[in-house]
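Inside the fold
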Amino acid sequence: QMQLVESGGGYVQPGDSLRLSCAASGRALSNYSVSWYRQAPTRGRDFVSGISWGIGGTTAYADSVRGRTAISRDNAKNTVDLQMSDLKLDDTAVYYCVARQTHWLGERASLDDIWGQGTQVTVSS
């Protein structure tokens, strides 16, 4: 069974940047479609971004992060990374990565998929 571990979260100010990483163990993450979700206090988990399996995969972004976020794979490191810039107060949340062995996961993640434990991002002035 593959396991996912997120890292890169932290406490930042508005306008700062962060690079979140989702590292897989046990399987090659390139064979999975991966999405990032986030959960703010009092909210459910919201889709942030997704990438299809393979090299040069299809990507998608939530409207709230499009234009200041980029998702990418590093197959040598077996990770999927989320580069976020111009962070805003509303970006404060626990960020989770989720994977499914399918071409495209996107916004369709469920509890049956493989989830990491999350990494906290706090944006505060």
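One can find the structure itself at the top, above this paragraph.
All figures in this text were calculated on a predicted structure; none of them were measured in a lab. Each chain has its residues counted from 1, running along the sequence as written. In keeping with the model being predicted, local features are shown solely for residues with a pLDDT of at least 70 and side-chain atom pairs are shown and tallied solely at 80 or more, while totals for entire chains, interfaces and linings include all residues. Side-chain numbers here rest on the full set of heavy atoms in the structure, without hydrogens or water.

Counting from the N terminus, the helices are DSSP H or I runs at least four residues long and the strands are E runs at least two residues long. Helix and strand counts for the protein stand at zero helices and eleven strands. Each helix and strand of the protein, ordered N terminal to C terminal, gives the series β-β-β-β-β-β-β-β-β-β-β. Each radius of gyration is computed over the set of C-alpha atoms, and the globule rule expresses the reference value as 2.2 Å times the number of residues to the power 0.38. For the protein, the C-alpha radius of gyration of 13 Å lies close to 14 Å, the compact-globule estimate for 125 residues. By its C-alpha atoms, the protein is 40 × 25 × 25 Å across when sized along the principal axes. Looking at the protein residue by residue over its 125 residues, the buried ones come to 43%. Of all intrachain contacts in the protein linking residues separated by at least 6 positions in sequence, the fraction that spans at least 24 positions is 60%. Note on areas: these come from Shrake-Rupley sampling with a 1.4 Å probe, and a residue is covered only by the protein chains present in the view. For the protein, the exposed surface amounts to about 6300 Å²; the carbon and sulfur share of it is 47%. Residues scored as positive are Lys and Arg, those scored as negative are Asp and Glu, and His as well as the terminal groups of each chain are ignored. Charged groups are reduced to one reference atom each: NZ for lysine, CZ for arginine, CG for aspartic acid, CD for glutamic acid. Side chains of the protein give 12 positive and 12 negative charges; the mean places of these two sets differ by 4 Å. Summary of the burial criterion: residues with accessible area below 20% of their type's maximum are buried, those above 50% are exposed, and those between are partly exposed, where the area comes from a 1.4 Å probe applied to protein chains only. We call two residues in contact when some of their heavy atoms are within 4.5 Å.

A pair of strands is considered paired only if DSSP assigns at least 2 bridges between the two. In space, the four strands of this open sheet follow the order β1-β3-β8-β7, with antiparallel pairing throughout. With partners counted over all chains shown, the strands left at the sheet margins are β1 (3-7) and β7 (69-74), one partner each. Looking at each pair of strands side by side, their axes are set apart by 15 degrees on average, direction ignored. Bridging between strand β3 (residues 18-25) and strand β8 (residues 79-84) involves six bridges; their strand directions are antiparallel. From the neighbouring strand, L20 faces β8, where its bridge partner is L82. Only the contacting stretch of a helix is used when fitting its axis, a line to C-alpha atoms as for every element, and angles between N-to-C directions run 0 to 180 degrees.

On to the nonpolar core. What we call a nonpolar core is a set of buried Ala, Val, Leu, Ile, Met, Phe, Trp, Tyr and Cys residues that are connected through their side-chain atoms within 4.5 Å. Within the largest apolar cluster, 32 residues are counted, with the highest numbers of intra-cluster contacts made by M2, L4, L29, W36, L82 and Y95. Listed by contribution, the elements that provide at least two residues to this core are β3, β4 (33-39), β5 (45-51), β8, β9 (93-100) and β11 (119-123). Top element by residues in this core is β9. It accounts for five residues.

Our focus in this paragraph is unusual backbone geometry. Despite not being glycine, T42 shows a phi value in the positive range, around 70 degrees. Within the fold, T42 resides in the loop between β4 and β5. On the basis of relative accessible area, T42 is assigned to the exposed category, the value being 87%. One non-glycine residue, N78, lies in the positive phi region at around 60 degrees.

These values are about where atoms sit, not about what they do.
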